[in-house]
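Coordinates in review
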Amino acid sequence: MKFIRPNDMEGLFQNMEENNDRRYFLAGGTDINVQIKNGVIKNAEIIYIKHLKELNGIQIVKDDIVIGAVTNITEILNSKIIKENLPFFQRSLESFASPLLQTSATIGGNIANGSPTADVVPLLLVLDAKLEIVSKTQTRIIELNNFFTGYKTNIMKTNELIRSIIIPRKAENGFDTYFEKVGSRKSLMISKVTLAGLKNISHSKFTTVKLAVGSLNEYPRRLYKIEEYLTDKSLIEINFLKVEELLNEEITPITDLRSDKEYRYHVCVNLIRTFLNE
Amino acid sequence: MKSIRKIDAIPKLNGSWKFLDDYSYEEMIHGQLLYSTCHHGTIKKIHFPDGYNLSEFTVVSAANIPGENIVPEPVCDQPYMADKEVFHFGQVIMGIAHPNRKLLREFIRKIKIEYEELPAIIDIKECLENEDNVFGKELIIDHRTGRKPDPNWIHHHKIYYTPHQEQAYLEPQGMIAVWQPKEKIMFVRATCQCPFFVKEGVETIMGSAIKEAVIETSEGIGGAFGGKEDFPSLLAGITSLLSYKSGKPVKIVLEREDDIQITTKRHPARIEIETWTDPETRKIMKIYIDYRLDAGAYQTLSPVVLARGVLHAISGYSIPDAYIRGRLFRSNTPSNGAFRGFGAPQAFAAMEAHVESIAADMNINPYKFRRKNIFRIGNEFPTTQPILENNLSDCLERVIEKSNYLQKLEEFKEWNKTHKDKKGIGISIGYHGGGYTGNGEKVLNSEVKVVIEKDATVKIYVANTDMGQGAHTTLAQMFFEAIDHPREKCLVQLPNTSKTPNSGPTVASRTIYIIGNLLRRFALKIKDELGFENLDDYVSSNQNEFPREFRMKFVQDPSVVFDEENYVGVAYKDYSWAACVTEIYFHADTYQIELTKSWNVIDIGKVVNQKIAVGQAEGGILQGLAYGLCEFFYKAGYGRMHGFSDYALPTTMDLPEIDVEFIHTDSPIAKGLGEIPMDFPAPSVRNAFHNATGIFIDEYPLVPERIFKSLTADERR
Ligand SMILES: Cc1cc2nc3c(=O)[nH]c(=O)nc-3n(C[C@H](O)[C@H](O)[C@H](O)COP(=O)(O)OP(=O)(O)OC[C@H]3O[C@@H](n4cnc5c(N)ncnc54)[C@H](O)[C@@H]3O)c2cc1C
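Rules used throughout
All residue numbers here refer to positions counted from 1 along the written sequence of the relevant chain. Whichever chain is written first is A, and whichever ligand is written first is 1; the rest continue in order. In view of the model being predicted, local features appear only for residues whose pLDDT reaches at least 70, and side-chain atom pairs are presented and counted only at 80 or more, with totals across whole chains, interfaces and linings using the full set of residues. Remark: hydrogens and water are excluded; side-chain values derive from all non-hydrogen atoms of the structure. Note on conventions: DSSP H or I runs of at least 4 residues are helices, E runs of at least 2 residues are strands, and numbering of each starts at the N terminus. Throughout, the radius of gyration refers to the C-alpha atoms, and the reference size of a globule is 2.2 Å times the residue count to the power 0.38. Each residue is assigned to one of three classes by its accessible area relative to the maximum for its type, calculated with a 1.4 Å probe on protein chains only: buried under 20%, partly exposed between the two thresholds, exposed over 50%. In what follows, a contact means two residues having at least one pair of non-hydrogen atoms within 4.5 Å. Computed with the Shrake-Rupley method and a 1.4 Å probe, the accessible areas treat only the protein chains shown as cover for residues. When charges are counted, Lys and Arg are positive and Asp and Glu negative, with His and the chain ends excluded. By convention, charge coordinates are those of NZ in Lys, CZ in Arg, CG in Asp, or CD in Glu. Buried area is calculated as the accessible area (1.4 Å probe) missing from two parts once they are joined, with the contributions of both summed. The rule for a salt bridge is simple: a side-chain nitrogen of Lys or Arg has to be within 4 Å of a carboxyl oxygen of Asp or Glu. As used in this structure description, the phrase polar contact means that two N or O atoms lie within 3.5 Å; if the pair is within protein, one of them must be able to donate a hydrogen and the other to accept it, and residues adjacent in sequence are counted only when both atoms belong to side chains. Residue type decides the class: Asp, Glu, Lys and Arg count as charged, Ala, Val, Leu, Ile, Met, Phe, Trp, Tyr, Cys and Pro as nonpolar, and the leftover types, Gly among them, as polar. Centre distance within 6.5 Å is the pairing criterion for rings of Phe, Tyr and Trp, where only the six-membered ring of Trp is used; planes under 30 degrees apart are then read as stacked, over 60 as edge-to-face, and the remainder as tilted. Note on geometry: a ring has a charge over it if NZ (lysine) or CZ (arginine) is within 6 Å of the ring centre and within 35 degrees of the ring normal. If even one non-hydrogen atom of a residue comes within 4 Å of a molecule or strand, that residue is called near it. In short, DSSP must find at least two bridges between two strands for them to pair. Axis lines are fitted through C-alpha atoms, for helices just across the contact stretch, and the angle between N-to-C directions can take any value from 0 to 180 degrees.

Helices and strands together make up the secondary structure of chain B, namely 19 helices and 27 strands. Relative to the compact-globule value of 27 Å for 717 residues, chain B shows a C-alpha radius of gyration of 26 Å, a close match. A principal-axis box enclosing the C-alpha atoms of chain B has dimensions of 75 × 75 × 50 Å. Residue burial in chain B is summarised as follows: out of 717 residues, 63% are buried. Look at the contacts in chain B between residues 6 or more apart in sequence, and 82% of them connect residues 24 or more apart. Summed over all atoms, the accessible surface of chain B reaches about 26,400 Å², with 51% contributed by carbon and sulfur. Between the mean site of the 82 positive side-chain charges and the mean site of the 96 negative ones, chain B shows a separation of 1 Å.

Okay, the interface of chain B and chain A next. Taken together, the contacts link 30 residues of chain B with 26 residues of chain A. Both sides together, the interface formed by chain B and chain A hides about 2,300 Å², and carbon and sulfur atoms give 50% of it. Counting across the chain B and chain A interface gives six salt bridges. At the boundary of chain B and chain A, one finds 20 residue pairs in polar contact (both at pLDDT 80 or more). Listed by contribution, the elements that provide at least two residues to the side of chain B that touches chain A are helix H2 (101-110), strand E24 (592-603), strand E26 (639-640) and helix H19 (704-716) of chain B. Ranked by residue count, the leading element in the side of chain B that touches chain A is H19(B), at four residues. Along the lines of polarity and charge, the residues of the side of chain B that touches chain A split into 12 nonpolar, six polar and 12 charged.

Moving on, we get to unusual backbone geometry. Both trends apply: most residues other than glycine have a negative phi, and most peptide bonds are in trans. Residue and element names in this part refer to chain B. Omega for the peptide link from phenylalanine 546 to proline 547 comes to 0 degrees, which places this bond in the cis form. Within the fold, proline 547 resides in the loop between helix H15 (535-541) and strand E20 (548-553). A cis amide bond links tyrosine 700 with the next residue in sequence, proline 701, at an omega value of -15 degrees. By secondary structure assignment, the location of proline 701 is in the loop between helix H18 (682-693) and H19. You will see that asparagine 363, though not glycine, has its phi angle at about 60 degrees, which is positive. By the element assignment, asparagine 363 lies in the loop between helix H8 (344-361) and helix H9 (366-373).

Residues and elements named next belong to chain B. With the rule as written, the count across this model stands at 32 aromatic pairs over all chains. Centre to centre, the rings of tyrosine 591 and phenylalanine 708 are 5.1 Å apart; their planes meet at 65 degrees, and the pair counts as edge-to-face. Separated by 117 residues along the polypeptide, tyrosine 591 in the loop between strand E23 (575-587) and E24 and phenylalanine 708 in helix H19 bring together distant segments of the chain. Site record: aromatic cluster; members linked through ring pairs are Phe348, Phe375, Phe381, Tyr431, Tyr572, Tyr575 and Trp577. Its end group placed over the ring of tyrosine 169, lysine 228 keeps NZ or CZ at 4.8 Å from the ring centre.

Moving on, we come to the site of the ligand. Residue and element names in this part refer to chain A. Of all residues adjacent to the ligand, which total 29 residues, the nearest are Gly28, Thr30, Asp31, Ala97 and Thr106. The separation between an oxygen atom of the ligand and a polar side-chain atom of aspartate 31 is 2.5 Å. One of the side-chain N or O atoms of lysine 181 is found 2.9 Å from an oxygen atom in the ligand. At the level of elements, strand E2 (23-26), helix H7 (107-113) and strand E10 (161-168) are the ones that each hand at least two residues to the shell around the ligand.

Residue and element names in this part refer to chain B. With mixed pairing, the four strands of this open sheet are ordered in space as E16-E23-E24-E27. Two strands close off the open sheet at either side, each with one partner strand: strand E16 (422-433) and strand E27 (657-662). Between one strand and the next, the sheet's axes are offset by a mean angle of 15 degrees, whatever the strand orientation. When E23 meets E24, the two strands line up antiparallel, connected through 11 bridges.

Proximity of charged atoms lets side chains of opposite charge pair with each other. For the coordinates displayed, the defined rule picks out 64 salt bridges over all chains. Note that A:Lys192 is salt-bridged to B:Glu705, the shortest N-O span being 3.0 Å. Of the two residues, A:Lys192 is situated in the loop between strand E11 (176-182) and strand E12 (193-202) and B:Glu705 in helix H19; the pairing between them involves two chains. Using a relative accessible area of 7% as the deciding quantity, one classes B:Glu705 as buried.

As structure tokens, then:
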């Protein structure tokens, strides 16, 4: 194990010039420390980033809210900017872990760790968030939706990291919002099913529907087929059997120690129904 | 009733109170257990990993035991360490120690053991359904009248299942052994409930290699709930052996995952009940109960759990014709052990569901049906022990009244008609016999000691440990309140087997009930003997008499006579009684039950310290509710949970409003409180769910996946 604590961004990039697939970043450490203790990560190069100012903080930049990758959940929950612009996002994060964990866990770590159960991701997906990904020589902006490539894998190269998360300032404007995280208790729980949704209705038809799920696939994802099916329909025009069928195509729930696939699937069906009916 | 603050409250807040892992000794090294990952098999070969200097490690196995390789228990059948054959996952094979804790952990993780696998039973149902797995002695309570059921009596026949439960003490199991070769004394610092059990455990494994084992507990014991009743004997034995072999102090603190996987849990149960109820009188006339426990691979203390199980199996109902059988079943899983309630929560899980289902079938209000059948003066237990008070019925009446149960039944029924989500309300009752079962307290022959110093400080020596339940505060309080002595001058000493007489283990709701009441009588006896009004004054005017030591033994009431062969007689002198009403909210989308409010009325007799008593009650009630609701430990095909992210202990966010009221507190005697809060609440959740949805679920916990399955099974029918 090799630990590095760069003094600034320059120092950070100096340490990241070469590609190294054993390179990890230590932000809040709430995922990686567990993985180190379990022996999942060993002989790795670990770069501490939590203290880097350039990666921290919440700002309004033109039409976007930009959240530094090492901003922790508590900071987001307490942020005035978020409260004014993205109240649904803020409210929904209250169910994240516990107050203690919230003070360590970072938004960037949640995304980069790539767990199917990451709470922040379904929310960011329906808010059409983008990621600013940087290396020593390059900055690229990509849609969060295109970030993951499989179970705990993503498009980042090992000489890159997430600098910030960019959310359109008006992402929630005019939408009815919905967020439900289902787990085995109310706090400190890992989600079995998560559904985030935005909808707006005009002349009793759904003009826009955005749906994203967590814990039901290899990574959280949007339910585009269902969104498409629902758009421009009114509630009575919706054939819920069709929704169930499409959901079946879009999710691949599993049975594990924590829950059963049939349960996860049916809960997701119920949540979508409630979201549309409410 | 005075709410005196716990002696450990402030030091725990400021962090100065020492738990086991806070202790260190010069040259101390660290130990860990190497345990079997095979459920049943013979050990063919053990491969140590390359790249380590083996001479730095101390290794002990069955072959190194100077004494006996059998842990002392009510049934002595479990070895400290497996010899050639392992009988369950988690069975200890070796103790290994090294100065570096981290390196040790890495080393142990890399050890490979080759087994020849043998057939194993790991699934709870597979164990409990097959009568070939029965082992140990069957217990029978036979209170049959020989009368044939009338043809119009209504027959109900059901099977109920309860799962494992993890004690989830905050501080994991831990032990430090310090071998003192000159004196041939093995000193052991333990986080445990029963220092004298640990002493016997160490002396058994060490045999004549040592002169004596001296056990002292850590200052703080971070919870136990029964989990630190017998496992510490095994752990102390192996830690001592490591210290003996290495010549150094050795500390073992279990990793949480190991603690969850290998230590004792609550016994899973299968309880089959048949009843015959007279539709006219609405009285249960006859009952047959088949009470089965999955003991794990060894019997250890399971026969005692079984005893309490059958003695509480009928719940609080007077049934003229009863036959109860209790049996232990063997599986290839770690031995199950003590857990707050000790067989009683399983009993109430079944019987309190059963009466609910009879009431539903016969279309009788569940409260009214209970009231018809509940114990009253003049009734008797199936062991023929007479019921001498109506306190159980008083608890029920009070809880029904305060919860507004009857009105809420109607309200919820209306509300449910128009809502997808459902509200429900459920009742349960329970009781717990205080102290050891039957003649146990006579056999224990507990003794306490008091030393009065020259400054009139009273030092109390008892073997009972304070594991956060406040025992040392309350025990001292019972002494100083009796003689009106200042509280600062009356302190329970840290249990140490070389200084403390054996006042028995800290189990069986006996600490306040047996030892506390004994201390109260003791204080009055000393006062009487010395003839003082004020102890301070007496000591200052009779300085030459002090320091002075006093001892007193517990004498069992002669009315307690129990025939252990035939299960006839007085099983417990005093019972604590309780009744509960719980309200739930059922979320239709997610199949989740949310607890909204729980009312609890408990009779523990005199309440010594109101705040501590309420704290104990609230904690136990939540533990009980969670047993019924969410604490899912083993999943067929997937095994045991690994840690607290999988094992769903409730958090404070899940806590419903819990209302606790003690009644009959003017009693002169303080009865057992330790276990009863855990015994009775769980069935109220199931019964409330039935009230909300009309669905009975015959198995705990009522996790949403189970509810989903039973709802969809209902739709398919
Ligand atoms: C008790 C407990 C409860 C939890 N509950 C929840 C919960 O309710 N919901 C939930 O979603 N999660 C939960 N988690 C998981 C965890 O807390 C979150 O995923 C958290 O957001 C991770 O952030 P971190 O800063 O701690 O990441 P770290 O552990 O520091 O890093 C995690 C991973 O992300 C990578 N990484 C970190 N920052 C960056 C970056 N800027 N660019 C590129 N890669 C980066 C690291 O290399 C590492 O692989 C819980 C964890 C624990 C221990």
